[in-house]
Amino acid sequence: MSKVEMNNVSLAFHDEDKTFLALDNINIKIEEGEFVCIIGTSGCGKSTLISLLAGLNFPTQGDVLIDGEPVSGTGTNRGMVFQHYSLFPWLTAKKNVAFGIKQTNLYKDKKIIDEIAVEFLKQVGLEDYIDKYPYQLSGGMQQRVAIARTLAMDTEILLLDEPFGAIDPKNRLALQDLTIKLCKKGENHKNRKNRKAAVFVTHDIDEAIILADRIVFMEPKRVKEEITVDFPSELSREEIISSPRYSEIRTRLMNLFYQDVGNRIGGEEVVL
Ligand SMILES: Nc1ncnc2c1ncn2[C@@H]1O[C@H](COP(=O)(O)OP(=O)(O)O)[C@@H](O)[C@H]1O
Ligand SMILES: [Mg+2]
C-alpha cells in the first residue's frame, strides 16, 4: 500500500449544460516520505489534481486513497499551500501560523504554539513581521506566512500548489533549501526525523529537479511521463546542477514542454 494513491481517476466539471473533462484516468502512487513534483503547462489539471488529494474536490471516477482509505474531505494529516495565498486577514502573521499548529492538536500549550509559530516565521525570513497583519505585508510575504503555517503543522503529507510562484528569486532559493531540510531530510523543530510525502506543483523545471525524488509531467488531463530524480542526498545544489544527469533531465523536460505546446499551437491558447 502506498501513502497516497490515485487509481484511474477522472474528474469532469459540469457548468450548466456543458461538461468539461479536467482529469482523464490519472494513476499516481506516492510512497511514504517521497517528494513528487508535478509539472506541466497552465490549465493541464495540476491544481485540480491537488484539490482531490486535499479532499476539496472528489473524482467523477476512480479512487483517491491515503493510507489505503478513500479521501472523504480535508484532514489534519495533510498540510496545504494554495497557489494564491490564503491568510486570515484579521489575524497577525504569528496568529495565522499558530492557528495552523492548533489544528493539528499536537500541542495544547499556547506559549509553545507561539514559540513554534515565531520559529517558523524566522525560518521563512519574516522575523521582523511577526505581529503584522496580512494587509501590511507584500504578496510574497503573505505567501511566506502561508508556507510557514503549513510547514509548522508538521503533517506527514504536504500538498503545495505553486507555493513559490509569487516569491522573489533570493527568497525562493532559501525556501527551496528550507523545504529540502524539513521535508526531505525530515528535520523539524523537535529534531524528529520524519520525511514527508509531498506533492509539489511547479512551473519551474530547475525547482522540480532540485526538489523532487520523482517528477510527474502532465499534458492536459493526463500524466505524460514520470522521471525518477536519483541524486544522492548528500550532493549540494551546485554539485547537482553541474552533473550530466541534471542536464539530461532538464533536456527531457524541455522537450516534453515543447512537444506539448507544439501539439496545441493553433488550437487552444497555451500559457507556460
Ligand atoms: N471549477 C471549475 N469549473 C470548470 N472548469 C474548471 C474548474 N476548475 C478548473 N477548471 C478547468 O480545468 C482545467 C484545469 O485547471 P487547473 O487544474 O486549474 O490547471 P493548472 O493548475 O494545471 O493550471 C482548466 O481548463 C480549467 O479551466
Ligand atoms: Mg494551478
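Remember, it's a predicted structure, so these values are computed and weren't measured experimentally.

**Q** Outline the site of ligand 1, supporting the account with residue identities and numerical values.
**A** Around ligand 1 lies a shell formed by Phe13, Asp15, Phe20, Ala22, Ser42, Gly43, Cys44, Gly45, Lys46, Ser47 and Thr48. Counting only elements with at least two residues in the shell around ligand 1, the list comes to strand E1 (4-15), strand E2 (18-30) and helix H1 (46-54). Here the shell around ligand 1 gets three residues from one element, more than from any other, and that element is H1. In terms of residue class, the shell around ligand 1 is built from four nonpolar, five polar and two charged.

**Q** Quick rundown of the sheet that holds strand E7 (residues 157-161)? Include the residues and the values.
**A** The strands that make up a sheet are held in pairs by hydrogen bonds between backbone atoms, and each pair lies either parallel or antiparallel. Here we have six strands laid out as an open sheet, ordered E6-E7-E8-E3-E9-E10, and mixed in their pairing. Looking along the sheet, the strands with just one partner apiece sit at the ends: strand E6 (78-81) and strand E10 (222-228). For this sheet the average axis-to-axis angle between neighbouring strands, irrespective of direction, equals 15°. By the bridge criterion, four bridges tie strand E3 (residues 35-39) to strand E8 (residues 197-201) in an arrangement that is parallel. By the bridge assignment for E8, Ile38 is matched with Val201.

**Q** Describe the environment of Leu126, with residues and values.
**A** If you trace the backbone, Leu126 turns up in the loop between helix H3 (110-123) and helix H4 (139-152). Judged by local crowding, Leu126 falls into the buried class, with 23 C-beta atoms found within 10 Å. The spatial distance from the C-alpha of Leu126 to the C-alpha of Met141 is 7.6 Å, given a sequence separation of 15 residues. Dropping the residues within four chain positions of it, Leu126 is found in contact with Ala93, Leu121, Met141, Arg144 and Val145.

**Q** So what's going on with H1? Which residues, and what values?
**A** Buried within H1 are the following residues: Lys46, Leu49, Ile50, Leu52, Leu53 and Ala54. Downstream of H1 by a residue or two, Gly55 has a phi angle that is positive, lying close to 80°.

**Q** Go over helix H5 (residues 169-184), please, and point to the residues and values.
**A** Compared with the 22 Å implied by 1.5 Å per residue over 16 residues, the 21 Å span of H5 between its first and last C-alpha is a close match. Inspection of H5 places Leu175, Thr179, Leu182 and Cys183 among the buried residues, and these make up the whole buried set. Considered in projection along H5, the buried side chains sweep an arc of 80° and stay on one side of the axis. Opposite the buried face of H5, by more than 90 degrees, sit the exposed residues Pro169, Lys170 and Asp177. Of the surrounding elements, those touching the buried residues of H5 are E3, H4, E7, E8 and helix H6 (205-211).

**Q** Could you give an account of the sheet that holds E1, naming the residues involved and the relevant values?
**A** The sheet built from four strands is open, its strands ordered E2-E1-E4-E5 with antiparallel pairing. The sheet is open, and its two borders are formed by E2 and strand E5 (69-70), each paired with just one other strand. Examined bridge by bridge, E1 and strand E4 (residues 61-66) share five bridges and lie antiparallel to one another. Among the inter-strand pairings, Ser10 is bridged to a residue of E4, identified as Gln61.

Rules used throughout
Residues numbered from 1 in each chain as written. Chains lettered and ligands numbered in written order. Predicted model: local features only at pLDDT ≥ 70, side-chain atom pairs only at ≥ 80, totals over all residues. Near = placed C-beta within 6 Å. Helix = DSSP H or I, 4+ residues; strand = E, 2+ residues; numbered from the N terminus. Nonpolar A, V, L, I, M, F, W, Y, C, P; charged D, E, K, R; others polar. Pairing = 2+ DSSP bridges. Axes fitted to C-alpha atoms, helices over the stretch in contact; angles between N-to-C directions. Buried ≥ 20, exposed ≤ 12 C-beta atoms within 10 Å, placed from the backbone. Contact = placed C-beta atoms within 7 Å. Expected span 1.5 Å × (residues − 1). Arc of directions from axis to C-beta.

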